[in-house]
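Tertiary structure, described
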Amino acid sequence: MPQEVSRAKAVAMLSGGLDSSLALALVLRQGIEVIGVNFSTGFCMTDHQRMIGRKDARPEKLRNEALRAGADLQVPVEIIDISTEYMEVLRRPRFGFGKNLNPCVDCRIFMLQKAREFMAEVGADFVFTGEVLGQRPKSQHRRAMRIIDAECGLGDRLVRPLSAKLLAPTWPEKVGILDRDQLKGFHGRDRNPQIELAEQLGVVDYPQPAGGCCYLTDANYARRVFDLLRDHDRTEVEQEDLLLCKVGRHFRLPRGGRLIVGRFEEENLFLDRFRSRHARLVATAHKGATALVSLRDGELPEAEDLEVAASVLARYGKGRGEARVVVELSAPDHETEIAVQPATPEACEAWILR
Amino acid sequence: MSRAGNPSLDTRGELCPQPIIELARRVRTMAEGAVLEVVSDDLAFPLDLRAWCAGTGNEVLDLRTEGRIHRAFVRRRKR
């Protein structure tokens with residue numbers, strides 16, 4: 001056996017889903033030392049649910065799956081926050097968006113570039129992922145993979161153990177660090193081969209269903225962000241704007257203003273955190289939602305929009321059956337009260353963003 | 001410093017995954033066998049803490065939850 005076998009070290013790109021867990025198990029089985037890396041982009045749905053912190057949330061549903069997968073296979077996992085830099089990927093994706101707001105090819109390139117840096121930092125020999133050829137339409141077909149391999153700078157130091165037999169041999173396979181025969185040739189969206197392999201390898205704990213954790217692939221979220229982009233140049237959109245697109249019901253008001261109404265207590269509290277950059281609306285005498293109205297260059301929106309916003313807010317509170325509800329509006333340097341008739345469901349439907 | 005004289009890390013108000021990122025960063029600077037007290041109000045922190053320790057070989061000496069506050073003592077592993 002070549003001497004490198006005892007010294008071989010790899011970085012696993014680990015989401016903690018079934019595919020990356022299986023890739024990890026396959027590489028570990030060959031005696032390679034592995035360090036897992038998990039990148040936090042700020043668009044993970046589970047992280048957001050934790051951020052909101054609903055009282056009835058079940059912690060086991062909100063655990064970090066990458067850490068859990070690492071623990072199951074006794075592998076250390078490093079979580080790296082790339083959320084700030086990731087904004088640039090989102091603002092200018094060279095290879096465009098997928099069906100929604102998902103810049104999948106640029107996302108893979110960026111994460112693999114980060115993994116390459118991490119590989120150098122920890123003195124590892126190669127990087128591997130749980131990608132399966134043909135599984136995802138935007139980034140996991142041969143042409144996209146070739147682009148990704150070249151652009152990320154890893155070249156043949158990037159291994160995809162689950163589809164390795166369908167791809168060109170990589171450096172660790174060529175030099176004998178990895179035995180190609182023990183890697184797999186999975187292709188497409190059928191999950192049965194992975195489920196079978198999981199049973200063989202004793203990988204029993206993995207999240208169901210597979211995937212679906214990224215807000216950027218969510219159609220509702222994408223609609224809200226694209227609506228936001230009607231008012232802003234893409235380069236002006238900040239992390240906070242994108243964060244607020246994950247919360248509450250969103251409305252586009254008649255004069256162009258934007259309104260967000262909390263759906264439950266924890267969302268209302270969450271919205272409160274952003275009151276310094278928005279106008280905040282709450283009913284004075286009736287329990288109910290908290291709402292935020294976007295300011296324009298620090299100024300309040302037009303009076304008509306504020307009135308509609310107050311009426312929509314009143315609809316989502318205990319005063320919805322009253323003739324008049326008083327709503328307190330507070331913004332930096334501005335406080336007032338507006339008395340409104342709660343909006344009808346039909347009126348709310350006309351302004352809500354679906 | 002915590003009441004027991006251990007260094008402490010208060011991550012209350014930090015959003016996931018920051019508590020574990022900060023914990024990992026801090027533990028790396030500690031001597032082998034040293035103990036860190038860490039406090040978090042992140043909902044799934046206890047699960048993540050135990051998983052992180054199981055993967056890295058560090059040790060959870062104690063973990064308690066009062067209301068929404070989790071308080072743990074973590075010992076850096078000895079090589």
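Small disclaimer: the values here were computed from a predicted structure and weren't measured.

This next bit is on the overall build of chain B. Tallying secondary structure elements over chain B gives two helices and four strands in all. When the helices and strands of chain B are placed in sequence order, the string is β-α-β-α-β-β. Dimensions of chain B, computed from the C-alpha atoms along their principal axes, are close to 35 × 30 × 20 Å. Taking all 79 residues of chain B together, 52% fall into the buried category. Only carbon and sulfur atoms are counted for the fraction: they give 45% of the accessible area of chain B, which is about 4,100 Å². If you average the places of the 14 positive and of the 11 negative side-chain charges in chain B, the two averages end up 6 Å apart.

To continue, consider the overall build of chain A. When its secondary structure is counted, chain A shows 14 helices and eleven strands. Taken over the C-alpha atoms alone, chain A extends approximately 80 × 40 × 35 Å along its principal axes. Evaluated residue by residue, chain A yields a buried proportion of 54% over its 354 residues. The long-range fraction of contacts in chain A, counting pairs at least 24 apart against all pairs at least 6 apart in sequence, stands at 66%. Accessible area for chain A stands at about 16,400 Å²; split by element, carbon and sulfur atoms hold 47% of it. When the 51 basic and 52 acidic side-chain charges of chain A are each reduced to a single mean position, those positions are 4 Å apart.

Attention now goes to the interface of chain B and chain A. Across the contact, 19 residues belong to chain B and 26 residues belong to chain A. Per-residue buried area on chain B facing chain A is highest for Leu15(B), Cys16(B) and Leu43(B); these three make up 28% of the total on that side. Inspection of the chain B/chain A interface yields three salt bridges. Taking the shortest distance from any N to any O, the salt bridge between Arg50(A) and Asp48(B) comes out at 2.7 Å. Of all the secondary structure elements, the ones that give two or more residues to the side of chain B that touches chain A are α1 (18-28) and α2 (45-56) of chain B. Its residues placed into classes, the side of chain B that touches chain A shows twelve nonpolar, three polar and four charged.

All names here are of chain A. With phi around 60°, Gln74 is a residue other than glycine that occupies positive phi space. Take Gln74: it is sitting in the loop between α4 (65-72) and β3 (77-81). Assessed through its relative accessible area of 57%, Gln74 is described here as exposed.

Turning to the sheet that holds strand β2 (residues 33-40) of chain A, a few remarks are in order. Residues and elements named next belong to chain A. Ordered in space as β3-β2-β1-β4-β5, the five strands form an open sheet in which the pairing is parallel. The sheet is open, and its two borders are formed by β3 and β5 (158-159), each paired with just one other strand. Examined bridge by bridge, strand β1 (residues 9-13) and β2 share five bridges and lie parallel to one another. When the sheet's bridge partners are listed, Val11 is paired in β2 with Ile35. Across the sheet, helix α6 (residues 104-122) touches β1, β2, β3, β4 (126-128) and β5, and the angle it forms with β1 is around 150°.

Ile32(A), Phe126(A), Phe128(A), Leu23(B), Leu49(B) and Trp52(B) are the most contacted members of the largest nonpolar core, which totals 54 residues. Element by element, the count of residues in this core is highest for helix α2 (residues 18-28) of chain A, at seven residues. Residues contacting Phe128(A), with those up to four places away along its chain left out, are Ala10(A), Val11(A), Ala12(A), Met13(A), Ala23(A), Leu24(A), Val27(A), Val34(A), Val159(A) and Pro161(A). Residues Val11(A), Ile35(A), Phe118(A) and Leu242(A) belong to the second largest nonpolar core, which totals 39 residues.

Another point: the pattern of salt bridges. Under the definition given, this model contains 36 salt bridges over all chains. Arg64(B) is the salt-bridge partner of Asp62(B), the closest N and O atoms lying 2.7 Å from each other. Owing to a relative accessible area of 25%, Asp62(B) belongs among the partly exposed residues under this scheme. Taking the relative accessible area as the measure of exposure, Arg64(B) reaches 55% and is therefore exposed. If you follow the salt bridges from partner to partner, you end up with Arg63(A), Glu65(A), Arg68(A), Asp72(A) and Asp205(A) in one network.

Now for the domain arrangement of chain A. Residue and element names in this part refer to chain A. The domain boundaries assigned to chain A delineate domain 1 (4-201) and domain 2 (247-351). Here the C-alpha centre of domain 2 lies 42 Å away from the C-alpha centre of domain 1. Across the boundary between the two partners, domain 1 contributes six residues, which contact seven residues of domain 2. Across the domain 1 to domain 2 interface the summed buried area is about 580 Å²; carbon plus sulfur atoms make up 59%. When the area that domain 1 buries against domain 2 is broken down by residue, the three leading residues are Ile52, Arg54 and Lys55, summing to 70%. In this assembly, domain 1 and domain 2 are joined by one salt bridge. In this structure, Glu265 engages Lys55 in a salt bridge whose closest nitrogen and oxygen atoms are separated by 2.8 Å. Taken together, the connections running from domain 1 to domain 2 amount to two residue pairs in polar contact (both at pLDDT 80 or more).

Reading the values: rules and limits
Residues numbered from 1 in each chain as written. Chains lettered and ligands numbered in written order. Predicted model: local features only at pLDDT ≥ 70, side-chain atom pairs only at ≥ 80, totals over all residues. Heavy atoms only, no water. Helix = DSSP H or I, 4+ residues; strand = E, 2+ residues; numbered from the N terminus. Buried < 20%, exposed > 50% of the residue type's maximum accessible area, 1.4 Å probe, protein only. Areas by Shrake-Rupley, 256 points an atom, 1.4 Å probe, with all protein chains shown as cover. Lys, Arg positive; Asp, Glu negative; His and termini not counted. Charge placed at Lys NZ, Arg CZ, Asp CG, Glu CD. Contact = heavy atoms within 4.5 Å. Buried area = accessible area lost by both parts, 1.4 Å probe. Salt bridge = Lys/Arg side-chain N within 4 Å of Asp/Glu carboxyl O. Nonpolar A, V, L, I, M, F, W, Y, C, P; charged D, E, K, R; others polar. Pairing = 2+ DSSP bridges. Axes fitted to C-alpha atoms, helices over the stretch in contact; angles between N-to-C directions. Core = buried A, V, L, I, M, F, W, Y, C linked by side-chain atoms within 4.5 Å. Domains from an automatic or database assignment. Polar contact = N/O pair within 3.5 Å; in protein donor to acceptor, adjacent residues only side chain to side chain.

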